[in-house]
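Chain by chain, the residues run as shown.
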Amino acid sequence: MKAFLLSVFLFYSLQPQAQQRLLVDTHNDVFSFQLITRADLGKLQPIGNFDLVRAAKGGLNAQVFSIWCGESYGKGKGFAHANREIDSLYALVARNPSRMLLVRNPQELKQAYQQGRFAAMIGVEGGHMIEDRMDYLDSLIKRGMCYLTLTWNNSTSWASSARDETIKKDMKPLGLTQMGKQIVKTLNKNGVMVDVSHVGEATFYDVLATSTKPVIASHSNAYSITPHRRNLKDEQLKALAKNGGLVCVNFYSGFVDKAYDKKEEEFLKRYKKDLDSLSVIYTPDFASTMLNVLHKKEADQIRPHLSTLVKHIDYIVKLIGIDHVGIGSDFDGSESFPAGLDSVSDYPKLAAALKKIGYKKEWIDKIFGGNFLRVWEANQYK
Ligand SMILES: [Zn+2]
């Protein structure tokens, strides 16, 4: 009898938990982080925002992993680096075949969801990684890229970034050149989404005039609430909706709360010595993440309230409709997020906060994944 009860218990406890909804996050940088820490993301990690254990706890079942390197990775380096990060993702999937699936199209995303396996997708963040070569673009498409963020903070020779368009005010922005247009058309043809987060306004409108498919902003917020060059102005949001596209809200405190930058500046000034020491060991981004770990109590005090993030979602929903908003946390790509959002285990808190302001389950389902699936599917057909 005991053995029977035990086997019944084991049967039920080993069944994949019923999934509440498709939950897609369109932007996570953990593979840049993982190249430094060599963490096994299949196991619970003491630092950072992502691992498969916390993803399961938070109901996250689909993630676009950002493949990223900064502008110091120029010709001869960027493409190789992108492939190293993609290799790390492939290796994680290969080590966890029953838990994960590398997903290259919407059909495979649905298959992974139905099988209760975590869907891993590739988003390449920064057009400089193709090093101005169409064969490198083709190669990344073949490896499974689901979106290309045309620029990171640095412009390419074929598209100007938000940073460069705002800093170099006296220069006529480049926008999208002929080669840029060819790249957008190639992405369209291959069912790969064009990501306009990080591009300047000139490039943004050139992309919308060129793309025959809906585009996404994989990790950007509302400029009207937080006037940062990485966020989208009302006119841009309306244009994105007209294109059938999607803006996925970013959790980074600096894009959520306009008061954060000043508070962060004071925090960094106070602990400059520690930051300098950490910068000797780590890259600048990772050093500031580690500084927040080191001085957690004070770092926690300057985080915005979760309701500030909800304000961005609700503002965009009211402006352009429920069908054009998604989630692109930027977890592991930033050092600070709203209070309560510590890792991928915390999405239920965001769902609860949306419910609290009157969002129905069907609306939250759209924001948390349904809209992404629709846009990706719309990119597949000629
Ligand atoms: Zn980014």
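Residues numbered from 1 in each chain as written. Predicted model: local features only at pLDDT ≥ 70, side-chain atom pairs only at ≥ 80, totals over all residues. Heavy atoms only, no water.

Chemist: I keep staring at the overall build of the protein chain and nothing clicks. Help me out?
Modeler: Scanning the protein chain from N- to C-terminus turns up 18 helices and 9 strands. What you see for the protein chain is a C-alpha radius of gyration of 20 Å, in line with the 21 Å of a compact globule of 382 residues. Per-residue burial over the protein chain gives 57% buried out of 382 residues. In the protein chain, the proportion of contacts linking residues at least 24 apart, taken out of those at least 6 apart, comes to 73%. Surface summary for the protein chain: the accessible area is close to 17000 Å², and the carbon and sulfur share equals 57%. Of note, the protein chain has its 50 positive side-chain charges centred 4 Å away from the centre of its 41 negative side-chain charges. (Helix = DSSP H or I, 4+ residues; strand = E, 2+ residues; numbered from the N terminus. Rg over C-alpha atoms; globule rule 2.2 N^0.38 Å. Buried < 20%, exposed > 50% of the residue type's maximum accessible area, 1.4 Å probe, protein only. Contact = heavy atoms within 4.5 Å. Areas by Shrake-Rupley, 256 points an atom, 1.4 Å probe, with all protein chains shown as cover. Lys, Arg positive; Asp, Glu negative; His and termini not counted. Charge placed at Lys NZ, Arg CZ, Asp CG, Glu CD.)

Chemist: Looking at this model, I keep getting lost on the coordination of the zinc ion. Mind explaining?
Modeler: Working reference: metal with six octahedral donors, ideal angles 90 or 180 degrees; metal with four tetrahedral donors, ideal angle 109.5 degrees. The protein atoms that coordinate the zinc ion are Glu125 (OE), His198 (NE2) and His219 (NE2), at distances spanning 2.0 to 2.2 Å. Along the chain, the residues that donate to the zinc ion are spaced as E-x72-H-x20-H. Placement of the pair is Glu125 in strand E4 (residues 118-125) and His198 in the loop between strand E6 (193-195) and helix H9 (201-210), with a sequence separation of 73 residues. Pair check on accessibility: Glu125 and His198 agree, each one buried. (Donors = N, O, S within 2.8 Å, 3.2 Å for Na, K, Ca; no water.)

Chemist: Teacher, can you tell me more about the nonpolar core here?
Modeler: Nonpolar side chains tend to gather and get buried jointly when the protein is soluble and globular. In this structure, Met145, Leu150, Leu187, Leu350 and Phe368 are the most contacted members of the largest nonpolar core, which totals 96 residues. Looking at this core element by element, the count peaks at 7 residues for helix H16 (residues 306-320). When residues no more than four places from it in sequence are discounted, the contact partners of Leu187 are Leu137, Ile141, Met145, Leu148, Leu150, Val192 and Val194. By size, the runner-up hydrophobic cluster in this structure holds 20 residues, among which are Leu109, Ala112, Ala119 and Cys248. (Core = buried A, V, L, I, M, F, W, Y, C linked by side-chain atoms within 4.5 Å.)

Chemist: What should I look at first to understand the layout of surface pockets in this one?
Modeler: In this structure, the largest pocket spans a volume of roughly 1000 Å³. If you go around the largest pocket, you meet 37 residues; those closest to its centre are Trp68, Trp152, Pro284, Asp285 and Gly333. Of all the elements in the fold, those that place two or more residues in the lining of the largest pocket are helix H2 (30-37), helix H4 (78-95), helix H12 (260-270) and helix H14 (284-294). Here the lining of the largest pocket gets 5 residues from one element, more than from any other, and that element is H14. Residue classes in the lining of the largest pocket are distributed as 12 nonpolar, 13 polar and 12 charged. (1 Å grid on protein atoms, 1.4 Å probe; cavity = no way out; pocket = protein on both sides within 12 Å on 5 of 7 lines; lining within 4 Å. Points joined across faces, edges and corners; volume = space filled by probe spheres on them. Nonpolar A, V, L, I, M, F, W, Y, C, P; charged D, E, K, R; others polar.)

Chemist: I'm lost on the packing of aromatic side chains in this one. Help?
Modeler: The geometry of an aromatic ring pair is captured by the separation of the ring centres together with the interplanar angle, meaning the angle of the planes. Applying the stated criterion across every chain yields a total of 18 aromatic pairs. By way of ring pairs, the aromatic residues Phe31, Phe50, Phe65 and Phe118 are connected into one cluster. The residue whose ring lies beneath Arg133 is Tyr136, and the NZ or CZ to ring-centre distance is 4.1 Å. (Phe/Tyr/Trp six-rings, centres within 6.5 Å; stacked < 30°, edge-to-face > 60°. Lys NZ or Arg CZ within 6 Å of the ring centre and 35° of its normal.)

Chemist: Just to check I follow, could you spell out the pairing of strand E5 (residues 145-149) for this structure?
Modeler: Walk down a regular strand and you will see the side chains alternate between the two sheet faces. Among the 5 residues of E5, 5 are classified as buried, and the element is accordingly described as predominantly covered. Bridge analysis of E4 against E5 gives 4 bridges, and the strand direction is parallel. Residue pairing for E5: Val124 is matched across the bridge by Leu148. Regarding the hand of the β-α-β motif, the stretch spanning E4, helix H6 (residues 134-142) and E5 is right-handed. (Pairing = 2+ DSSP bridges. Right-handed = clockwise from strand over helix to strand, strands pointing away.)

Chemist: Can you help me understand the pairing of strand E1 (residues 24-28) in this one?
Modeler: Taken across its 5 residues, E1 has 5 buried, putting it largely inside the fold. Where E1 lies against strand E2 (residues 62-68), 3 bridges are found, and the strand directions are parallel. Counted as the bridge partner of Val24 is Ala62 from E2.

Chemist: Quick question: what am I supposed to make of unusual backbone geometry here?
Modeler: Keep in mind that most residues, glycine aside, have a negative phi and that most peptide bonds are trans. A positive phi angle, near 55 degrees, is found at Glu131, a position not held by glycine. Counting through the fold element by element, Glu131 comes out in the loop between E4 and H6. If you check the backbone angles, Asp332 has positive phi at about 65 degrees while not being a glycine.

Chemist: Help me understand the pattern of salt bridges in this model?
Modeler: Pairing is possible between side chains of opposite charge, provided their charged atoms come close. Enumeration according to the criterion identifies 22 salt bridges in this entry. When the shortest N-O distance is used, the salt bridge between Asp300 and Lys296 registers 2.7 Å. Placement of both Asp300 and Lys296 in helix H15 (residues 296-301) is noted, with a separation of 4 residues, approximately one turn of the helix. Of the residues examined, Asp300 reaches a relative accessible area of 30% and is grouped as partly exposed. In this structure Lys296 comes out as partly exposed when scored by relative accessible area, which is 48%. With a closest N to O distance of 2.7 Å, Asp342 and Arg303 form a salt bridge. In this pair, Asp342 sits in the loop between strand E9 (325-327) and helix H17 (347-356) while Arg303 sits in the loop between H15 and H16, placing the two residues 39 residues apart along the sequence. Under the relative-accessibility criterion, Arg303 is labelled buried at 16%. Overlapping salt bridges, with partners in common, bring together Glu71, Arg163, Asp164 and Lys168 in one network. (Salt bridge = Lys/Arg side-chain N within 4 Å of Asp/Glu carboxyl O.)

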